[in-house]
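Coordinate inspection notes
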Amino acid sequence: MSAHATARIVLDRLRASTPLIGCITNSVVTNFTANVLLALGAAPAMVDIAGETGPFAAAAGGQLINVGTPTPEQRLASVEAADAANRAGTPWVLDPVAVGSLVHRTALARELVARGPSCVRGNASEIIALAGSGAGGRGVESADDVESALDAAGTIAERFGSVVAVSGPADAIVSAGRVVRVGGGSAMLTRVTGGGCALGAVIAAFLAAGRSAGVSDADAVVSCHIAYSAAAEIAAENSSGPGSFQPAFLDALHRLDGADLERIELS
Amino acid sequence: MSAHATARIVLDRLRASTPLIGCITNSVVTNFTANVLLALGAAPAMVDIAGETGPFAAAAGGQLINVGTPTPEQRLASVEAADAANRAGTPWVLDPVAVGSLVHRTALARELVARGPSCVRGNASEIIALAGSGAGGRGVESADDVESALDAAGTIAERFGSVVAVSGPADAIVSAGRVVRVGGGSAMLTRVTGGGCALGAVIAAFLAAGRSAGVSDADAVVSCHIAYSAAAEIAAENSSGPGSFQPAFLDALHRLDGADLERIELS
Amino acid sequence: MSAHATARIVLDRLRASTPLIGCITNSVVTNFTANVLLALGAAPAMVDIAGETGPFAAAAGGQLINVGTPTPEQRLASVEAADAANRAGTPWVLDPVAVGSLVHRTALARELVARGPSCVRGNASEIIALAGSGAGGRGVESADDVESALDAAGTIAERFGSVVAVSGPADAIVSAGRVVRVGGGSAMLTRVTGGGCALGAVIAAFLAAGRSAGVSDADAVVSCHIAYSAAAEIAAENSSGPGSFQPAFLDALHRLDGADLERIELS
């Protein structure tokens, strides 16, 4: 089956099943992340309190753990969620935001990746730093390009069994022995805060839907990137700056159909 | 006087008096909640630090306490605000977000409802769980319908003296011996995160304005639902998805006039 | 050189250099603040965890410290950031949100202003309260007008060596022996939460760009207000309420050019 046909199946399943997605994420993007999930047809729950994240991750269809604002409370809550997700078999995504030189998030991300997330999503600098071979980028900006992160992504994929998604002008999805590049999308996503962070949550939703449709995690992550990039392209065509891009992107996710997915090229 | 005429009076008073509304709410919706209050003509203050919430609740025209992200800090701040509001006679609203199986918020919501909020607002599952007779819904989604929550709402209304607003396709406002159903609105509100949470803050603003206009709390809560549903309908007519709905909703709240309220039917 | 010509130079430098701006700000406005910086062409990083803010402030081009939601964690993180910024020579902005009667933020703002921020930005009531001569306003609303705050602004400017920006219908920028008033803008900015808070972050970005272009801090702050007010005017012309104003404002910041700056009058 073509990747586009698979993406259509996973998107349809997502909308039909409204998977509950637990999100531990940074305070900057909680609102946008929840709205992205709602627009797409998933059910977000931004539960991030220790004592609540474990039971929630166990019951959810998918879980996101983003280390962007790692308060002491969120650090506890994150480890609790990862362990509970693993015990329950809930797919979960790690987003190692700005790891490298900043101490708390880097230590936390290392603890979490060792627990074997279903998917790790980050920009090239974050993936390189997480693999232990770089000092990170400039805040949330990448100082490295996607191709230069493929070795680090492969290392993480092999060591922890994760699908690794490296975000950039073209995204690379790396899993055991395979690299798929997803083109398209829009640079406007980098001018809206949370463009990358929300993608992590959407991956969790596609993993949930993919598993219920019998699609592998790697294929579900590729499906997700096709859908996200298609919506971004449509939004860019219907907006005149980063302000109007944001509502246009949510509208595009809401209305996205199978034909829209065809505009994205893979390699 | 008709409910619509009352709603017009309270809305006019709200805009003329710009009531200061203290909000302790979850981190996902603080921004949207503040913007909803500003668009309507109230003055939001998202003060949620222990040691500050008490004095603030005492000085405010109305207070919201939403338990959606109950950090240890917010738990302390919430109880402090409720006690101060009661001492000062400030009307306050409890929003028991996702109570039921999640431990911290459920314990906190029980502590708070026992303090006799002026209004409790939630979906059917939350109201049933708060009354002690259910396990809650699926995150912020209700697993029960509004009619099935009327007994629980009546129990809370009777035991704690609160007006209870049950949100759903049609909302039910329950107070001592009376049920008013407010129709209309738009399902798009469920596709924007904070659609329900912001309603809790708007209720606090209508309670503040209602009291200064000599309108009962129950009638002020009905007035609020009429206005909120009317703005949602207008926004749905002027948008093409959940992304464009959000600015359209804020614009509609800003421009809402007495004639707009007439489109909402009560029963 | 005219103030408008200087503003054009600083804006061009900002876009060419993409300064990294560390932001410790209140939870209500993190998202909007980051989007404002991105739209303008700066690189925001909302790092606010103790242990991370110091190294970050030292490496950043500019730093914002806003005391709007002063959790214990943020209080530690703020002092750490101010000290590190001072040691590294990073320009930093203090926004004393709602100081006056609320205890934690008032104590924190006093501690911070004593460290000599490059700029203090607030409304009239906040500036008066910070100078020790008033009880503050009504939440984030000013109870005083800009002219009545000029003495307090002068006191802060003299005692701590800061440029002081007083926000109001016309803004006043006060520095050693000089007052510049920047007109224009739009009242819609007061109907969007974070309109003032995001301005504080934009000042930090203009300070960063100004220093690299050899422009004084006082002139950079004036430049910033010219640009911000011009974008607000353009947005007001392209929107129909506070909801549509917000995306229009971000679009206007993104597209702002030198000719747009000319619409703002100084006195």
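Here the structure is shown first, and the text comes after it.
Here the structure is a predicted model, which is why all the values come from computation and not from measurement.

Structural notes on helix H4 (residues 72–88) of chain C
Its 17 residues give H4(C) an end-to-end C-alpha distance of 25 Å, which sits within 8% of 24 Å, the value for a rise of 1.5 Å per residue. Residues of H4(C) that are buried: Glu73(C), Gln74(C), Ala77(C), Ser78(C), Val79(C), Ala81(C), Ala82(C), Ala84(C) and Ala85(C). Packed against the buried residues of H4(C) are helix H4 (72–88) of chain A together with strand S1 (20–24), helix H3 (53–59), strand S3 (62–66), strand S4 (92–95) and helix H5 (103–113) of chain C. Taken from the residues just after H4(C), Gly89(C) is the one with a positive phi, measuring 80°.

Regarding the pairing of strand S8 (residues 178–182) of chain A
All names here are of chain A. With five bridges joining them, strand S7 (residues 171–175) and S8 adopt antiparallel strand pairing. Its bridge partner being in S8, alanine 172 is matched across the sheet by arginine 181. The hairpin formed by S7 and S8 contains two residues between the paired strands, and glycine 177 there has a positive phi angle of roughly 75°.

Some points on the relation of the copies chain B and chain A
Each copy of the sequence occupies a distinct position, and chain B is placed on chain A by a rotation of 120° and an axial shift of 0.0 Å, giving an RMSD of 0.0 Å. Here the symmetry operator amounts to a three-fold rotation axis. Using C-alpha coordinates, one finds that chain B approaches the rotation axis most closely at Ser27(B), a distance of 3.9 Å.

Quick look at the packing of aromatic side chains
All names here are of chain A. Counted by the stated rule, this structure contains six aromatic pairs over all chains. For the pair phenylalanine 245 and phenylalanine 249, a centre-to-centre distance of 5.7 Å together with 10° between the ring planes defines the contact as stacked. Placement of both phenylalanine 245 and phenylalanine 249 in helix H10 (residues 242–255) is noted, with a separation of four residues, approximately one turn of the helix. Judged by its relative accessible area of 0%, phenylalanine 245 falls in the buried class. Here the aromatic cluster, defined as three or more aromatic residues joined through ring pairs, consists of Tyr228, Phe245 and Phe249.

Re the interface of chain C and chain B
With 28 residues of chain C in contact, the opposing surface of chain B contributes 25 residues. Scanning the region where chain C abuts chain B turns up one salt bridge. Here Glu52(B) ties to Arg105(C) by a salt bridge, and the two come within 2.4 Å at their closest N and O atoms. One can count 13 residue pairs in polar contact (both at pLDDT 80 or more) joining chain C with chain B. If you list the elements that add at least two residues to the side of chain C that touches chain B, you get H4, H5 and helix H10 (242–255) of chain C. Ranked by the residues each element gives to the side of chain C that touches chain B, the list is headed by H10(C), at four residues. Partitioned by chemical class, the residues of the side of chain C that touches chain B number eleven nonpolar, twelve polar and five charged.

Side note on the interface of chain B and chain A
Residue-level contacts link 28 residues of chain B with 25 residues of chain A. Buried area between chain B and chain A, both sides added, is near 2100 Å², and the carbon and sulfur share of it is 56%. Here chain B and chain A share one salt bridge between them. On inspection of chain B and its partner chain A, the count reaches 13 residue pairs in polar contact (both at pLDDT 80 or more). Elements represented by at least two residues in the side of chain B that touches chain A include exactly helix H4 (72–88), helix H5 (103–113) and helix H10 (242–255) of chain B. Here the side of chain B that touches chain A takes four residues from H10(B), the largest share from any one element. Of the residues in the side of chain B that touches chain A, the class split is eleven nonpolar, twelve polar and five charged.

Thresholds, definitions, all that
- Residues numbered from 1 in each chain as written.
- Chains lettered and ligands numbered in written order.
- Predicted model: local features only at pLDDT ≥ 70, side-chain atom pairs only at ≥ 80, totals over all residues.
- Heavy atoms only, no water.
- Helix = DSSP H or I, 4+ residues; strand = E, 2+ residues; numbered from the N terminus.
- Expected span 1.5 Å × (residues − 1).
- Buried < 20%, exposed > 50% of the residue type's maximum accessible area, 1.4 Å probe, protein only.
- Contact = heavy atoms within 4.5 Å.
- Pairing = 2+ DSSP bridges.
- Least-squares fit on C-alpha atoms with pLDDT ≥ 70 in both.
- Phe/Tyr/Trp six-rings, centres within 6.5 Å; stacked < 30°, edge-to-face > 60°.
- Salt bridge = Lys/Arg side-chain N within 4 Å of Asp/Glu carboxyl O.
- Polar contact = N/O pair within 3.5 Å; in protein donor to acceptor, adjacent residues only side chain to side chain.
- Nonpolar A, V, L, I, M, F, W, Y, C, P; charged D, E, K, R; others polar.
- Buried area = accessible area lost by both parts, 1.4 Å probe.

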